[in-house]
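Residue strings, one per chain:
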Amino acid sequence: MRKIRKGDTVVVTAGKDKGRTGTVVAVQADGRVLVEGVNMVKKHQKPNPARGVQSGIVQKEAPLAASNVALLNPATRKADRVGVKTLADGRKVRVFKSNGELVDA
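Rules behind the numbers
- Residues numbered from 1 in each chain as written.
- Predicted model: local features only at pLDDT ≥ 70, side-chain atom pairs only at ≥ 80, totals over all residues.
- Heavy atoms only, no water.
- Helix = DSSP H or I, 4+ residues; strand = E, 2+ residues; numbered from the N terminus.
- Buried < 20%, exposed > 50% of the residue type's maximum accessible area, 1.4 Å probe, protein only.
- Contact = heavy atoms within 4.5 Å.
- Areas by Shrake-Rupley, 256 points an atom, 1.4 Å probe, with all protein chains shown as cover.
- Lys, Arg positive; Asp, Glu negative; His and termini not counted.
- Charge placed at Lys NZ, Arg CZ, Asp CG, Glu CD.
- Pairing = 2+ DSSP bridges.
- Salt bridge = Lys/Arg side-chain N within 4 Å of Asp/Glu carboxyl O.
- Core = buried A, V, L, I, M, F, W, Y, C linked by side-chain atoms within 4.5 Å.

1. Points about the overall build of the chain
Here's step 1: On a plain count of helices and strands, the chain comes out with zero helices and ten strands.
Here's step 2: Secondary structure elements of the chain occur, N-terminal to C-terminal, as β-β-β-β-β-β-β-β-β-β.
Here's step 3: Classification of the 105 residues of the chain by burial places 26% in the buried group.
Here's step 4: By sequence separation, contacts in the chain at least 24 residues apart represent 38% of the contacts at least 6 residues apart.
Here's step 5: Surface exposure of the chain reaches about 7100 Å², of which carbon and sulfur atoms provide 49%.
Here's step 6: Of the charged side chains in the chain, 21 are positive and 9 negative; the average position of the first set lies 6 Å away from that of the second.

Next comes the structure, spelled out in structure tokens:
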């Protein structure tokens, strides 16, 4: 079970965007995450008339290592570590380490 999933609100804990928050857009197979509006880079793009893509300099999000982001705990409004707990009915759920509240309600 992944501790960070698409749609989660995360806080960047390391790097040039440390302290910024955003929503996870995608989780890659190699353990990197794309966060909306964070780690913006400029890409020089060639034109591709077949796809209708113009040339120019495009700003887009670059992936971050999942270890450099932490889930935002809505109760404390701070970054928090996440653990996995098995419920009585056998389901596995994510919980915040600081207060034990469920991430997936």
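Next comes the rest of the write-up.
2. Side note on the environment of Asn48
Here's step 1: Here Asn48 is to be found in the loop between β4 (40-45) and β5 (56-61).
Here's step 2: The class of Asn48 is partly exposed, set by a relative accessible area of 27%.
Here's step 3: Residues Asn48 and Leu71, spaced 23 residues apart in sequence, show a C-alpha to C-alpha distance of 38 Å.

3. Some remarks on the sheet that holds strand β6 (residues 64-65)
Here's step 1: Taken in spatial order, the six strands line up as β6-β3-β2-β1-β7-β8 in an open sheet, and their pairing is antiparallel. The sheet is open, and its two edges are formed by β6 and β8 (78-80), each paired on a single side.
Here's step 2: Where strand β3 (residues 32-35) and β6 come together, two bridges link them in antiparallel fashion. In the sheet register, Val33 faces β6, and the bridge partner there is Leu64.

4. Some points on the pattern of salt bridges
Here's step 1: Within the structure shown, the criterion is met by three salt bridges.
Here's step 2: The closest approach of N and O atoms between Asp17 and Arg20, which form a salt bridge, is 3.6 Å.
Here's step 3: According to the relative accessible area criterion, Asp17 is buried, its value standing at 12%.
Here's step 4: Between Asp89 and Arg91 there is a salt bridge whose closest N-O contact spans 3.1 Å.
Here's step 5: Residue classification places Asp89 among the exposed positions, given a relative accessible area of 55%.

5. Structural notes on the environment of Arg77
Here's step 1: Within the fold, Arg77 resides in the loop between β7 (69-73) and β8.
Here's step 2: Note on Arg77: relative accessible area 60%, which makes it exposed.
Here's step 3: Through-space distance from the C-alpha of Arg77 to that of Val11 is 10.0 Å; in sequence the pair is 66 residues apart.

6. Focus: the nonpolar core
Here's step 1: Ile4, Val10, Val12, Val24, Val33, Val35, Val38, Leu64, Val69, Leu71, Val82 and Phe96 together form the largest nonpolar core, which totals twelve residues.
Here's step 2: Listed by contribution, the elements that provide at least two residues to this core are β1 (9-12), β3 and β7.
Here's step 3: Beyond its immediate chain neighbours, meaning those up to four positions away, Val12 contacts Asp17, Lys18, Gly19, Arg20, Val38, Leu64, Asn68 and Val69.

7. Some details on unusual backbone geometry
Here's step 1: One non-glycine residue, Asn39, lies in positive phi territory at about 60°.
Here's step 2: Mapped onto the elements, Asn39 comes out in the loop between β3 and β4.
Here's step 3: Positioned with a positive phi, Arg77 is a non-glycine residue whose angle comes to about 60°.

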